Each structure stands twice: as structure tokens, then as C-alpha cells.
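Secondary and tertiary structure notes
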Amino acid sequence: MDELGAYGAPAEATVAVTVREPVAGDLTAVAGDTNVHTKQEDYYAAFDKITGKEPTKLSATAWLSDTAAAKLDLLTTGKALTNVRVTVGEMKNPHGDVLDGTVTPYFIKTVLAHDTGKYVPDVLYTTGAFDLPAASVASVWLTVETAANALPGVYTGEITVTADGLDAPETLTLSVEVIGLARPEGDIPFEIWQYPYSSNRYYSGKTTEEYFGKTAEDLWHIHLNPAYEAGLVSQIEIYKKAGGTSVTVTVTEDPWNSQTPDPYPSMVKWTQKKDGSFAFDYTDFDYFVELNEKHGVTGNIMVFSMADWASRVTYYSERQGKVVSENLTPGSDRYKKVWSEFLTDFMAHTKEKGWFDRVYMAMDERPADVVEATLDTVELVKDENGKSFKTALAVFTFDTEYLFDRVTNLSLAFAMTPSRLNTITEHRRRLGLETTLYTCGAQNSALSNPPIEGVYTLWYIRQRGADGFLRWALDSFNTDPLNSTDHRLFAAGDIYMIYPDVKDAENPTAHTSVRFEKLAEGVRDIAKFNWLLENYPAYEKSLTRALENIGGDLHTTVTKAQKKVNDVGREAALMEMIKTAEASESS
């Protein structure tokens, strides 16, 4: 029976219906954009973009010994597909030369962002086969790596997508331009805090409480376990490949007072002897620094922390026959006595290992009185040459600005006032002090953020005149990191930038992520930018203009800056070729 409207007439309703043109086949492959996530909610919009249009092309530009990326988006219609595979054909230039390098496709796995309830494609998960549900969208990341001896030029090859029951494969053309300049090694500090005990706990299959216990005193018994070294090594290797430079170590139990899912044990175990003096066991500290060294991470050793968030030290007391914690008020006589004893012993140990000049006694977002007391105590202990340990401090306010000149490595929050950042970085550079910028929380490289923000982060750091980049955390895994970012405090993805393997993997291999790869891209960009400025000053004005224009519409301004770097790179490569030819003729 009709519902009656005004005056007894049948009510009328208008329903908007969108009719989309049919797309042939069960699967459509199109060129994606590495700067944005292609999410399930974009499904219909993605089809609208491709309806009635010519096939799209994938492209990437790389220097020699370089890494670049492209992205392939896959859309299914009313049929689920199994055993989907993406293969890359031989890449050749117009002369038939094969690219000296590799193109590797990675299916991008989605992860549930706990703070939005939405799935985000982030994990570079598998190079093998995968399944796709009906009416779904998925992406494949194409990592392009060029060899040092690759011939400059443009190479093309065919990307083929197959699946069980698919009538015909989907194909797209991939174009890779190789610019004939060697990619400079990353020349900016790239520091992301490491959480090796979290990796150990994850691969153990135990819960946080089962593995670590309930108290800081329980942590005293926890050591890094070589049984889980394979997973840890693969995490270090991903970090190093991206440009990772610093090693994160701890000298107190749980220095961040359990703000992450797992507490962070100390890599130095303290024992108070019966006479009241302390002895220190550096087993875990040595193991982790050496493991990083073995896999190429040989920069600063960031030591947390004399300014820990609980203001305590935990040690085994021979007098009491048990592990105890002692609260130490920064600046008190007891604080100075205990920490001076540690610093004296630690100095002797790091000098013996050849690490003294790499060590920074680090503080994270501590109030001014704590920072000042820590600096005072560090400066009390000197070696035979009158040198104390270097120091590091991360801050998000200017409350400690009066202490900045006493800090060797200062990291300023990314969101601090740009003009103040410019002034501080310039001042510290004149003093020969290191300055980095850091991001955390929902800033830039959180899971739900557009990937372009990762690249922008490094360009912005260069804009502000800072030396490098800091973020926490690399690998502070939750219970089920491959499926959900669930955490009680912070934005999705904040506590880990990369992902572990499945827990029962025979040879665990960590997975990089879209957002981590975009940070690495930014590191490479700035290394190229700095190298061109130094070696080709004639281009300083145009390069600097591109840098200064970054901001606002990041997709436009960042990609323009990247294009400028590659445009100048092509010209520089040509000049290098001419120089080589002239030198050859003259000889």
C-alpha cells in the first residue's frame, strides 16, 4: 500500500543511481601511484578512472646502484581469483641491451589501523602467488634496483598478471630510465629506534607477560636470545639498506616506562656488590652493537637512559640476594654517585671496544631540570684527554633551549616553529653540533598517512637546514603486527615501521613497508640533491628554488623537486661522459 504524502497523494522518492560502464574480464591491472594508498574504499573510484581509457604505463627513474619504485593496482570484478602472480619480463633498451639490475614485484598486504578501523595496504609481503576476493582492489609494489655498471638509457619490459581461471593475462608496459650517475651514499643521519627484545618476544610465540614478567625487576633476567637472531638480522638489514645509521641501546631497565606494548630491558645488567659498589655485565650491549656492525650499521650508539622516564636503576643486590629497583632523583648526590660510577666503567669498556667516540648518552623528551642534571653528571666524568661522553636529546618544546648548546646531538620535533628551527640549526652548525628533526605519533609516516609524506619529511628536513632524521620506532611489535596495529596509546603504525615474518617461519625474514620505502626514497633524494649542489654549483639556483617551493600540495611540489634532481642529473651525467671522453682522447 502506498504511503500517503500531503493531501493524500502517494509519496514520491528520488533515488540517484550511478551506472558504470562494464569493464571487460575478471581482472584489470592499471598503473598506480606510490605516493598514495589504493584502498578498498577507492574501488569504485578506481574503476571510474579507467573506464574507456587507454591502458596505462608504469615508469620509474633510477641512477646507477640505485633503488626506485613503481606500483601496480589490481581490480577484480564479480569473481574471486586464486593463485594471482605478477611476473616481470626482460627489460631492454632500444638497442636490445638488457638492464643490469632487477625488478621485483611484492604483493602489498593490508593491515588494520586500530585508530580508524580501516585496512591500509602497507606490508611488502610476498613475491609469490596471492589470492584476491571478488570486487576488491589490491596493489603490487615494483622495486627497481640498478647495478653500478648499468648502461644509461630507457628500458622497457612487460608486466604480466595471471591467475587460475583467468581467460587471458593482464599486461602492462614498465619503463625504467637509468641516469648515468652513481647514486651517492646517504649523507644524512637516519636514526630509527630499534627494539630487539620485542622482536625476540614476538618470535618466541609468548605473550608480553609470559616473556618479560610483570615488573622492572623481572626484566633484569631477560637477555637477547641468539635463537631469534635471524629475524633480528633481517630487520637490521632493512634498516641499513634504507640508510639506517644509529644503534639503539639501553642501560636501564624499561627506560620509557612501558609506553610500548613490550617493556624494554637493559642491555647492561647491574649488580650491587656487598661493599655497595657496582659491577656491570655488558653481554647484551656488546652482542647488539656487534650484530649491527656486522650488518653495516656503524654510526652513533644512542644510550637510553640516564634520564629514564621512571628515574630508577634496577640491579641485583648481593646484600639482599634479590633484584631491586632504586629511585634516583636527577641532580641528587646519590644520582651523581651512582651514575658517575657507571659512566667511569662504561667509558673504560667502550674505549676497549673502540666505541667511545660513537657513544651518546641519550635523553628523550625530558623536563629541563632532568636534562640539566643529566648533562652535569655526564660532564663530571672525563677520560685521560679531558673528554666526556657525547650527549643526545629529543625535544618537542623550547623549554630546554638554554641547554641546547651543551647537547652534542639535538633532535627537534618536526612540528616546531619553522623559523625557530632555521635559526637553531644554523646556529648549531656554526658550533659544529649535530641537529636532526624527528616525527612521531600521527605525523607523516603513521600507517594511515599518505605515503608521499615520508618523502616530504626528508625534503622538509633539508629545507630547515637540519643534518638528519629521527623517528621511533622501527620494530616495537605488538602481538599481531602483520594483521593489526592495535596499541593502547599511539597512532596506527607509530610503534613499528617494518614488519616481522610469521612467528613460525623457518628462516624469518622481516618485511619492509610502503611508508618505510618512502622514507628511504627521501634519503636517496637528499643524497642526490646534496651531491649535485656540491659538484655542480651552476645548478644551485634552480635546485634551491625547487627545495624552497616544497610545501602545500605535496604531490605536486615534492614530485617537481624530484624531477628537477633527475633533470640536473641527466645533464651532469652528460657532462661526466664528455669529461671522460676528453680525458681518454688526451691520454
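Residues numbered from 1 in each chain as written. Predicted model: local features only at pLDDT ≥ 70, side-chain atom pairs only at ≥ 80, totals over all residues. Heavy atoms only, no water.

Let us now look at the sheet that holds strand β2 (residues 58-64). Spatially, β2-β10-β9-β4-β7 is the arrangement adopted by the five strands of the open sheet, whose pairing is mixed. Lying at the two open borders of the sheet, with one neighbouring strand each, are β2 and β7 (130-132). Going across the sheet, the axis of each strand differs from the next one's by a mean of 30°, ignoring polarity. Sheet strands in contact with helix α13 (residues 554-586) are β2 and β10 (170-182), and its direction is about 55° off that of β10. (Pairing = 2+ DSSP bridges. Helix = DSSP H or I, 4+ residues; strand = E, 2+ residues; numbered from the N terminus. Axes fitted to C-alpha atoms, helices over the stretch in contact; angles between N-to-C directions. Contact = heavy atoms within 4.5 Å.)

Trp-270, Phe-285, Phe-342, Met-361, Trp-459 and Phe-516 are the most contacted members of the largest nonpolar core, which totals 133 residues. Not counting residues up to four positions away in its chain, the partners in contact with Trp-270 are Trp-220, Val-251, Phe-278, Ala-279, Phe-280, Val-313, Thr-314, Tyr-315, Tyr-316, Val-338, Trp-339 and Phe-342. Ala-60, Val-140, Val-161 and Leu-172 belong to the second largest nonpolar core, which has 33 residues in total. (Core = buried A, V, L, I, M, F, W, Y, C linked by side-chain atoms within 4.5 Å. Buried < 20%, exposed > 50% of the residue type's maximum accessible area, 1.4 Å probe, protein only.)

One pass over the structure, following the stated rule, counts 30 salt bridges. Close ionic contact of Asp-376 with Arg-406 constitutes a salt bridge, the shortest N to O distance being 2.7 Å. Of this pair, Asp-376 sits in helix α8 (residues 368-380) while Arg-406 sits in the loop between β19 (390-395) and β20 (409-413); the two residues are 30 residues apart in sequence, bridging distant segments of the chain. By relative accessible area, which is 29% here, Arg-406 ends up partly exposed. Through salt bridges with shared partners, a single network forms among Asp-66, Arg-183, Arg-524 and Lys-528. (Salt bridge = Lys/Arg side-chain N within 4 Å of Asp/Glu carboxyl O.)

This paragraph deals with the sheet that holds strand β14 (residues 278-281). Taken together, the four strands give an open sheet; going across it, the order is β14-β13-β16-β17, and neighbouring strands pair in mixed fashion. Of all strands in the sheet, those with a lone pairing partner are β14 and β17 (322-327), marking the two edges. When the angles between neighbouring strand axes are averaged without regard to direction, this sheet yields 35°. Where strand β16 (residues 312-317) meets β17, six bridges bridge the pair, whose relative direction is antiparallel. Looking at β17, one finds that Ser-317 is bridged to Lys-322. Contacts from helix α7 (residues 333-353) reach β13 (269-272), β14, β16 and β17, with the element oriented near 45° to β14.

Here we take up unusual backbone geometry. Following Phe-304, the chain continues to Ser-305 via a peptide bond in cis, the omega torsion being -20°. Relative to the assigned elements, Ser-305 resides in the loop between β15 (301-304) and β16. A cis geometry characterises the amide bond from Trp-472 onward to Ala-473, with omega recorded as -5°. Mapped onto the elements of the fold, Ala-473 is located in the loop between β22 (468-471) and α11 (514-535). Phi at Asn-83 is positive, roughly 55°, even though this residue is not glycine.

Before going further, it helps to examine the side chain of Asn-444. Tracing the chain through its elements places Asn-444 in the loop between β21 (434-439) and α10 (452-463). We classify Asn-444 as buried; its relative accessible area is 9%. Not counting the four nearest positions on each side in its chain, Asn-444 is found in contact with Phe-414, Thr-439, Asn-449, Glu-453, Tyr-456 and Thr-457.

What follows concerns α7. In this model α7 runs 30 Å from its N-terminal to its C-terminal C-alpha over 21 residues, within 8% of the 30 Å that 1.5 Å per residue would give. Regarding α7, the residues found buried are Tyr-335, Val-338, Trp-339, Ser-340, Phe-342, Leu-343, Phe-346, Met-347, His-349 and Thr-350. Within two residues after α7, Gly-354 carries a phi angle of roughly 80°, on the positive side. (Expected span 1.5 Å × (residues − 1).)

The next thing to look at is α13. A rise of 1.5 Å per residue sets the reference length of α13, with its 33 residues, at 48 Å; its end C-alpha atoms lie 47 Å apart and thus fit the reference within 8%. Elements that come into contact with the buried residues of α13 comprise β2, β10, α10, α11 and α12 (540-548). The N-cap of α13, judged by a side-chain oxygen 3.2 Å from the amide nitrogen of His-555 a few residues on, is Asp-553. (Polar contact = N/O pair within 3.5 Å; in protein donor to acceptor, adjacent residues only side chain to side chain.)

The next subject is the packing of helix α6 (residues 283-294) against α7. Orientation of α6 relative to α7, taken along the N-to-C sense of each, is 35°, at an axis distance of 13 Å. Handedness of the crossing formed by α6 with α7: right-handed. Residue-level contacts link Phe-285, Asp-286 and Glu-290 of α6 to Phe-346, His-349, Thr-350 and Lys-353 of α7. Looking at the contact of α6 with α7 residue by residue, the classes come out as two nonpolar, two polar and three charged. (Left-handed = near helix turned anticlockwise from the far one by under 90°. Nonpolar A, V, L, I, M, F, W, Y, C, P; charged D, E, K, R; others polar.)

This part covers the side chain of Asn-566. Within the fold, Asn-566 resides in helix α13. Residue classification places Asn-566 among the buried positions, given a relative accessible area of 14%. Asn-566 has contacts with Thr-61, Trp-63 and Ile-179, leaving out every residue within four places of it along the chain.

The full count for this structure, using the stated rule, is 42 aromatic pairs. An angle of 75° between the planes, with centres 5.5 Å apart, marks the rings of Tyr-496 and Tyr-499 as edge-to-face. Taken as a pair, Tyr-496 and Tyr-499 share a single burial class, namely buried. A cation sits over an aromatic face here: Arg-420 above Phe-398, 3.8 Å from the ring centre. (Phe/Tyr/Trp six-rings, centres within 6.5 Å; stacked < 30°, edge-to-face > 60°. Lys NZ or Arg CZ within 6 Å of the ring centre and 35° of its normal.)

What follows is about the pairing of β22. Both faces of β22 are covered, namely the face carrying Gly-468 and Leu-470 and the face carrying Phe-469 and Arg-471. Summarising the sheet, strand β11 (residues 190-192) and β22 pair through three bridges and their orientation is parallel. Bridge assignment links Glu-191 to a residue of β22, and that residue is Leu-470. Sheet analysis places β21 next to β22, joined by four bridges and oriented parallel. Along β22, the bridge assignment pairs Tyr-438 with Leu-470. In this fold, β21 hands off to α10, which returns the chain to β22; that crossover is right-handed. (Right-handed = clockwise from strand over helix to strand, strands pointing away.)

Mapped onto the secondary structure, Ile-238 falls in helix α5 (residues 229-242). Distance from Ile-238 to Met-361, taken between C-alpha atoms, is 25 Å for residues 123 residues apart in sequence. If we ignore the near neighbours within four places in the chain, the residues touching Ile-238 are Ile-498, Ala-510, His-511, Thr-512 and Phe-516.

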